[in-house]
There are 2 protein chains.
Amino acid sequence: MSLKLTILGCHSATPRSDAHPTSQVLEIKNGCYLIDCGEGTQKQLRKFQFKFSKIENIFISHLHGDHFFGLIGLISTFSLLKRQNDLHIFAPKGAKEIIDLQLKITKSYLHYNLIIHELETKSSTLIFEDKNVSVHTIPLKHRIYTNGFLFIEKRGERKLNIEAIKQFPDIDICDYQNLKNGRDFTRDDGSIVDNSILTFDPKKTFTYAYCSDTAFTESIIPIIKHVDLLYHESTFLEKHSDLAQLTKHSTALEAAKIAKMAQVKKLLLGHYSSRYKDLNAFKIEASKIFNNVELSYEGASFYLND
Amino acid sequence: MSLKLTILGCHSATPRSDAHPTSQVLEIKNGCYLIDCGEGTQKQLRKFQFKFSKIENIFISHLHGDHFFGLIGLISTFSLLKRQNDLHIFAPKGAKEIIDLQLKITKSYLHYNLIIHELETKSSTLIFEDKNVSVHTIPLKHRIYTNGFLFIEKRGERKLNIEAIKQFPDIDICDYQNLKNGRDFTRDDGSIVDNSILTFDPKKTFTYAYCSDTAFTESIIPIIKHVDLLYHESTFLEKHSDLAQLTKHSTALEAAKIAKMAQVKKLLLGHYSSRYKDLNAFKIEASKIFNNVELSYEGASFYLND
């Protein structure tokens, strides 16, 4: 597995007894990244058996309740469970004030370091980087300050070509890490063996763009161009395009237009308004102009790998 | 039906995929009162088909997350659904600051009046009254300021004794309301007919005491004496009484002791720690010293009527 996206919730704000608001877990190698945290996210994490301590970074798109009202509960639970490792939250300005006040008034003393990185930039910015991934904001167009997130998987190490290495008896096992890192090998006689002879290219890497909530906006095209997977909100169908405009959300057709213009590999729809019973209508509408569309649903996992 | 209590959630803070934290709906005549509001309460209200607009008064025992992290979501949803009627919240001091800040930062403008009554009193106090019920606080002993709530159903109107009324042709239909209100009837000749001849006693009324979260404390006995139904938290079993003491919670046995000392009619247990799989052990433990014990569980309804 290279990249795995699991949907914890994909409905919009109006509550239903059988659906949760937005939250997703993105797994890249051994990293586990939580994207948005609507009410009930901690329960969904339990249901789909994610280990709480593996979540070290949470990315919040905006401060509407269906994307962040589950956050304070998750933060509190982490403490209740005696979490030790740091937790980083990337969220719009204001999140820290809300969380700090709730912790103060509820007399909650966290057993771990909580680091809240408040976002204010209006252009796409690198906000996070570890050995697996770099994350850039995607400025979106919504009723309040909102960012999508572009996850770019990092290239892994080169893979050793053991058969080729065997031809060079002076290559020791101690040299393997240098080879994996792409270095050429200098033989005992001073001659150089090109790294490409001794290793294979690393595994292909993938990109994921999360865009929710947003009105239709072409401004995101250059940022998400050619991504392998695009999650683009589709709160409404075209028959309610007036509501989409009014509330600064998108229709399934608009999501497909963005997918087509950005030439992405696959489009994933979600953030459905609770007024719709037949979600297949979203796929039908988007498929009219883009041919690789999938519907998100709770518990669904989407894989990107070779 | 005179009084109906429905359990929306009855587990303590540590989340489970199959259980919700504390919330209950108490229905008395046409009144619908929400008690505590843990994360996911709005989803549970949908599941058990309570009409959102019927909830006009919410009572919050304390500001630990498993009793109030669902409140801001519910407040927001009410607005999203274009609620018109006022909403009153009775909660410890601090609740208003948290809610106001979240509404401000999320740029949420409510379509209805939200009135937050902050509680600070340390002795039992009448905090609410309408035509169905009066509500008094029950000061509890927990890690932060906490109140239980005593609901005292109000006596209804007297019932007309139509057979008896027929004996007095000068009683007009216009007089019926006065009779229901308990007034004697003055005949045309000036003689007086005692109300008790013309009416029956109103229906029996009931009392409900909600006590969560709390350590064992005898101070509540005088307040809850003889109630028809007592919900008393039982986070732990006696084998974990050290944890109960440490965290200022109660064991099932302690809940039963309170029930016995207060001579209540029925004891309802709840707020179970997630560490226990077999909840029947709570009933067995409490039943050792009190003989009318029931376990709360999600979706259960308990009725008090003649």
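Keep in mind it's a predicted model, so treat the numbers as computed, not measured.

**Quick notes on the interface of chain B and chain A**
How large an interface is tends to be reported as the accessible area lost when its parts come together. At the junction of the two partners, chain B supplies 35 residues and chain A supplies 35 residues. The contact between chain B and chain A buries some 3,000 Å² in all, and 68% of this surface belongs to carbon and sulfur atoms. Among the residues chain B hides against chain A, the three largest losses belong to Glu39, Lys43 and Phe69 of chain B. Together they make up 22% of the total. The interface formed by chain B and chain A holds six residue pairs in polar contact (both at pLDDT 80 or more) in total. Mapped by element, the contributors of at least two residues to the side of chain B that touches chain A are α1 (41-47), α3 (71-80) and α4 (95-105) of chain B. In terms of residue class, the side of chain B that touches chain A is made up of 14 nonpolar, 14 polar and seven charged.

**What about helix α4 (residues 95-105) of chain A?**
All buried positions along α4 of chain A are accounted for by Ala95, Ile98, Ile99, Leu101, Gln102, Leu103 and Ile105 of chain A. Where α4 of chain A is buried, its residues touch α2 (65-68), α3 (71-80), β5 (87-92) and β6 (114-119) of chain A together with α2 (65-68) and α4 of chain B.

**Re the sheet that holds strand β16 (residues 266-270) of chain A**
Residues and elements named next belong to chain A. If you walk across this open sheet you meet the seven strands as β7-β8-β9-β14-β15-β16-β17, and the pairing is mixed. Because the sheet does not close on itself, it has two edges, and the strands there are β7 (126-129) and β17 (293-295). Across the sheet, the axes of successive neighbouring strands diverge by a mean angle of 20 degrees, strand direction being ignored. Contacts from helix α11 (residues 280-287) reach β16 and β17, with the element oriented near 165 degrees to β17.

**Quick look at unusual backbone geometry**
Geometrically, the link from Ser212 of chain A to Asp213 of chain A is a cis peptide bond, its omega value of 0 degrees lying close to zero. Here Asp213 of chain A shows up in the loop between β14 (207-211) and α8 (221-224). For Lys29 of chain B, which is not glycine, the phi torsion reads 50 degrees and is therefore positive. Residue position: Lys29 of chain B is located in the loop between β2 (23-28) and β3 (31-37).

**Examining the state of the cysteines**
All names here are of chain A. Applying the stated criterion to the full structure yields zero disulfides over all chains. The thiol sulfur of Cys37 is not disulfide-bonded, and the nearest other cysteine sulfur, from Cys32, lies at 12 Å. Under the relative-accessibility criterion, Cys37 is labelled buried at 0%.

**Digging into the pairing of strand β15 (residues 229-233) of chain A**
Residue and element names in this part refer to chain A. Buried residues dominate β15, accounting for five of its five residues. Judged by which residues are buried, β15 turns out to be covered on both faces: Leu229, Tyr231 and Glu233 on one side and Leu230 and His232 on the other are all buried. Judged from the four bridges that link them, β14 and β15 form a sheet pairing that is parallel. Bridging from a neighbouring strand, Tyr210 pairs with Tyr231 of β15. Judged from the five bridges that link them, β15 and β16 form a sheet pairing that is parallel. Each bridged residue has a counterpart across the sheet, and for Glu233 the counterpart in β16 is Gly270.

**Notes on the relation of the copies chain B and chain A**
Note on the copies: chain B fits chain A at an RMSD of 0.1 Å, the axial shift is 0.0 Å, and the rotation between them is 180 degrees. Look at the turn and shift together and you get a two-fold axis relating the two. For chain B, the smallest separation between a C-alpha atom and the rotation axis is recorded for Gly40 of chain B, amounting to 2.9 Å. Both copies present the same face, since 100% of the interface residues in chain B are matched by interface residues at the equivalent positions in chain A.

The rules we used
Residues numbered from 1 in each chain as written. Chains lettered and ligands numbered in written order. Predicted model: local features only at pLDDT ≥ 70, side-chain atom pairs only at ≥ 80, totals over all residues. Heavy atoms only, no water. Contact = heavy atoms within 4.5 Å. Buried area = accessible area lost by both parts, 1.4 Å probe. Polar contact = N/O pair within 3.5 Å; in protein donor to acceptor, adjacent residues only side chain to side chain. Helix = DSSP H or I, 4+ residues; strand = E, 2+ residues; numbered from the N terminus. Nonpolar A, V, L, I, M, F, W, Y, C, P; charged D, E, K, R; others polar. Buried < 20%, exposed > 50% of the residue type's maximum accessible area, 1.4 Å probe, protein only. Pairing = 2+ DSSP bridges. Axes fitted to C-alpha atoms, helices over the stretch in contact; angles between N-to-C directions. Disulfide = S-S within 2.5 Å. Least-squares fit on C-alpha atoms with pLDDT ≥ 70 in both.

In short, geometric facts, not functional conclusions.
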